[in-house]
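Survey of secondary and tertiary structure
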Amino acid sequence: MTNQEVPSQQTQHNPDTVTLLKSVPVTYHVLNQPEATTLRVNMCVYVSGVLLCLFSGVLSGLSSVKDQQHTVSLSGKWSLSNSNGSVSLPAEVPGCVHSALQQQGYIQDPYFRFNDVSYRWIALDNWTYSTTFNVSTQLRSKQKVLLVFDGVDTVASIQLNGVSVGKTDNMFRRYDLSVRDLLTDGDNELKVSFSSPVLYASERRKAHSAYRVPPECPPDVQKGECHVNFIRKEQSSFSWDWGPSFPTMGLWKGVRLEAFDVLQLIQVSSVPLYNLSVSQWRVQVQLLVDAVQTTNGQITLSIPELESEQTVQTQFLSGKTKNSFTLHINTSSQVKLWWPNGHGDQPFYQLTVRGFQDGFLVLSTESKVYFRTVELVQEPVVGSPGLSFYFRINGKPIFLKGSNWIPAHSFQDQVSPAVLRNLLQSAVDAYMNALRVWGGGVYEQDLFYSICDEMGIMVWQDFMFACAMYPTEDDFIQTVREEVSQQVQRLKSHPSVIIWSGNNENEAALATDWFSIPVSQRPLYRKDYVTLYVNNIRAIVREEDESRPFLVSSPTNGAESEQEGWVAANPYDPLYGDTHFYSYFLDCWDWRTFPRTRFASEYGFQSWPSFSTLQPVSVKADWSYNSSFSSHRQHHENGNQQMLQQAALHFNLPNATEPLKRFTDTLYITQVMQAQCVKTQTEFYRRSQSEIIEGKGRTMGALYWQLNDIWQAPSWSSIEFGGKWKMLHYFAQNFFAAVLPVAFEDNDTLFIYAVSDLSHDLKLRAVVSVYSWANLDPVCTLKSDLLLVPGGSAAAIFKQPVTALLAGCGLCTRLTCLLTFHLEDSGGQQGPTNHHFLSSPKDAQGLQRPNITAKVQQDATGYTVTLHSASVAPYVWLDVGNVPGRFSSNGFLMVSRNRTVGFEAWRSTSVAELSRSLTVTSLADVY
């Protein structure tokens, strides 16, 4: 959606919560040293799961050596004021201006009704964060003292005790400023003065007078701000087609002082590499170190569990340097591999790095190391022009199943660990193995990637450039180079990150002329494109990380785009690379409308969230599909109409006379439409993985747009803001299942494919049940013969003309009957039961209101809802309002009289509350 050098100034220091531990009473005896020599841990800091410790020695008969390092957090309560001092308030750091104003009662919930527009003034003003702090004599006596900002959003000048110490212009960088000589005995005053990001972007645009850098502004429907491409900031913060305009300002990550005498360890990264020719693993360890003066010493690398250790002599040069070391893994040790979700486990090992100077331990770190290989395979395909495009993990081709990730909140300080874990667990629970971190948001916090490591979620990582051309002035390029270097160093230790991608849709924007650039000027824009993404970003990534593939854009033709000078004639070519595909007017039930692509990295349809999600940010006057609120919340041109037009192809639209019921029924029908559309498209991609049809196919990835929401509004998401699953996400639990039956028609012939992600072969048959819309008893059941379905493939196992199938069943026509089907082997059913409608439900004969009754019960395992239906009921939807949680199944086709569904509550509730809150809706209940 839509020249290498060591960094010399600022370098990323895993920019999230830093936990300072008190001196730990642990004593270490140093090998080959006199008995009286002991070491005490003076300071330990946890940085994104890596324990960094610095030590000092205690020599017999001598006084204690000073602490090597001293760290003081400056996060917490600060003061915040606007440019003329009319607004002054306390503010939390990390945080942002909007959050502070809301927390102190100056503004309402920014997401309430039309507040995104009402609160534009906040981002048009300048704001200053200030704090005072004391420092010990011990800290001030250190050889070097740095003031470290892990994240500054975005354009700011920093003053310490009235002296300017630095400026910032990039939200995605760590800044460290040397301040030792400015610190005083008493109070020290620190001020961070922020400029309006909207006005800054506009000024940068005006200064770029030689030629325009489009787009100038977002579409009016987005109610956003202009020229976001001129500022290194979350691009969607100026608005997007699924989100509001809240151009934030603030210290969005931690602030601290770091003081040291000898050296400071800024960053540790470890990248395992496998040498196939000698069947040996090695771990490339990189230490980013800031040394007061050139320091000689020894580094010992070890992974005890793999009986692997190496010691090397080294020299840390004065200043900030990158120092690389290699640990060769003992070939007699059996290395356990990290696998994506559904393909194996996610084991890890502890890597210890210790540094000695003159026999004394001066640094020690511990971090997790996961072993896995990744290859992006682009090679000729038998029977097809073009090239393949698929990922091999540990030598195994993997079909990527998943979605696209956008920022989980407009205000990053409000994205809690619980929110992240809930969303990522929801992805895993729908059998996803991959997420694309989209290039218009933020490089996610460390915890996001750590959870992905732990859960086996592969990450396609975009760099933060989206849907625009970008300037290439020296200062812009330099800040981007530092951004890229820091982010790659921060993230490359994570096995979950399997690919880097330079931008979102910018190759396509150039190639297909989104911005109406005159032909004579296009070479200039292509030159800028290559300068930014190839000569700078790609070059840095290749220097920093040899373990992963890099794509310049998404979508792209990959190797073919490179051959065409990095901008292909048609970056959407299904014979190469990945594709993004959206079509809101063609019938989404017709698989022929979808591209038979090598890899589908974006596709989707909009829906509205539940009433319970909208209610807290709206009032009664808003609860109509045609209200000003419903229009205001829709940021995609004609989106509300497109949803109903697509739904009307197959469903009767809601027509209740009671306004609230018509509104909630309309929300429901948009979710039904979205779920069925994305289901049909995803199943098409999954069944296309093993075949070539008319030269196209071998699809090896399906990442629908989008997983999550940034606020309460219509969007392409499968999970609502707040974590509630839409019908689409419940459908994903089935269409991403490891073993899946898929049905489709071609020339009035019904085909059923068996899709398997498993490593082993299966012998499967299709079992097809024919039901009448008017009756809950099956009319007839058909079974195919057992056929071999190889692991990691899709194979046709059932084929029959629909007319013959119905004739064999007796009293059935396309309008009166429907099909359910599943797969089974000799031991029973494999995978979920699926359905295939022989006509649009709006044309179905015999479909009636099912009068479903429901009973909520509680037992030792939790809550259940037992349903009783009088007739066949499609798209049965259970909703318990604002009780957070999820059902074991939802949105299902009910072809039995009774069905029991589990409910997992995310807070304490009761049978009484659930019974009160529960509504059950099916398709025939809305018209």
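Look up a bit, the structure's there.
Note that the coordinates shown come from a computational prediction; the quantities given were computed from them, not determined experimentally.

Within the chain, the regular secondary structure consists of 18 helices and 53 strands. Since a compact globule built from 927 residues should have a radius of gyration of about 30 Å, the 29 Å found for the chain is in line with a globular shape. For the chain, the C-alpha atoms occupy an extent of roughly 100 × 70 × 70 Å along the three principal directions. The buried share among the 927 residues of the chain stands at 62%. Carbon together with sulfur atoms contributes 49% to the accessible area of the chain, which is approximately 33600 Å² in total. Distance from the positive charge centre (71 side chains) to the negative charge centre (85 side chains) of the chain: 2 Å.

Of note, the amide linkage connecting Val93 to Pro94 takes the cis form, showing an omega dihedral of 0°. Residue Pro215 is reached from Pro214 by a cis peptide bond, and omega for that bond is 0°. Along the chain, Pro215 falls in the loop between α5 (197-207) and β14 (238-240). Positive phi values are uncommon outside glycine, yet Ser279 reaches one of about 50°. When its relative accessible area of 47% is taken as the criterion, Ser279 is described as partly exposed. Not every positive phi belongs to a glycine, and Glu694 is a case in point at roughly 50°. Relative to the elements of secondary structure, Glu694 occurs in the loop between β36 (692-693) and β37 (696-697). With relative accessibility at 79%, the residue Glu694 sits in the exposed group.

Buried within helix α14 (residues 639-648) we find Gly639, Asn640, Gln642, Met643, Gln646 and Ala647. One side of α14 holds all its buried residues, which, seen down the axis, span an arc of 165°. Buried positions along α14 lie against α13 (628-633) and α15 (659-687).

As paired strands, strand β48 (residues 862-868) and strand β52 (residues 898-905) are joined by six bridges and run antiparallel to one another. Its bridge partner being in β52, Leu867 is matched across the sheet by Arg899. Here three bridges tie strand β50 (residues 885-887) to β52, and the two strands are oriented antiparallel to one another. By the bridge assignment, Phe887 is partnered in β52 with Phe903.

Now for the sheet that holds strand β51 (residues 892-894). Two modes of strand pairing occur in sheets, parallel and antiparallel, and in both the strands are linked by backbone hydrogen bonds. If you walk across this open sheet you meet the three strands as β51-β49-β53, and the pairing is antiparallel. Each edge of the open sheet carries a strand with a single partner, namely β51 and β53 (919-921). Each neighbouring strand pair of the sheet contributes to a mean axis angle of 40°, computed without reference to strand direction. Two elements, strand β49 (residues 873-879) and β53, share three bridges in a ladder whose sense is antiparallel. Paired with Asp879 across the strands is Thr919, a residue of β53.

Conventions adopted
- Residues numbered from 1 in each chain as written.
- Predicted model: local features only at pLDDT ≥ 70, side-chain atom pairs only at ≥ 80, totals over all residues.
- Heavy atoms only, no water.
- Helix = DSSP H or I, 4+ residues; strand = E, 2+ residues; numbered from the N terminus.
- Rg over C-alpha atoms; globule rule 2.2 N^0.38 Å.
- Buried < 20%, exposed > 50% of the residue type's maximum accessible area, 1.4 Å probe, protein only.
- Areas by Shrake-Rupley, 256 points an atom, 1.4 Å probe, with all protein chains shown as cover.
- Lys, Arg positive; Asp, Glu negative; His and termini not counted.
- Charge placed at Lys NZ, Arg CZ, Asp CG, Glu CD.
- Arc of directions from axis to C-beta.
- Contact = heavy atoms within 4.5 Å.
- Pairing = 2+ DSSP bridges.
- Axes fitted to C-alpha atoms, helices over the stretch in contact; angles between N-to-C directions.

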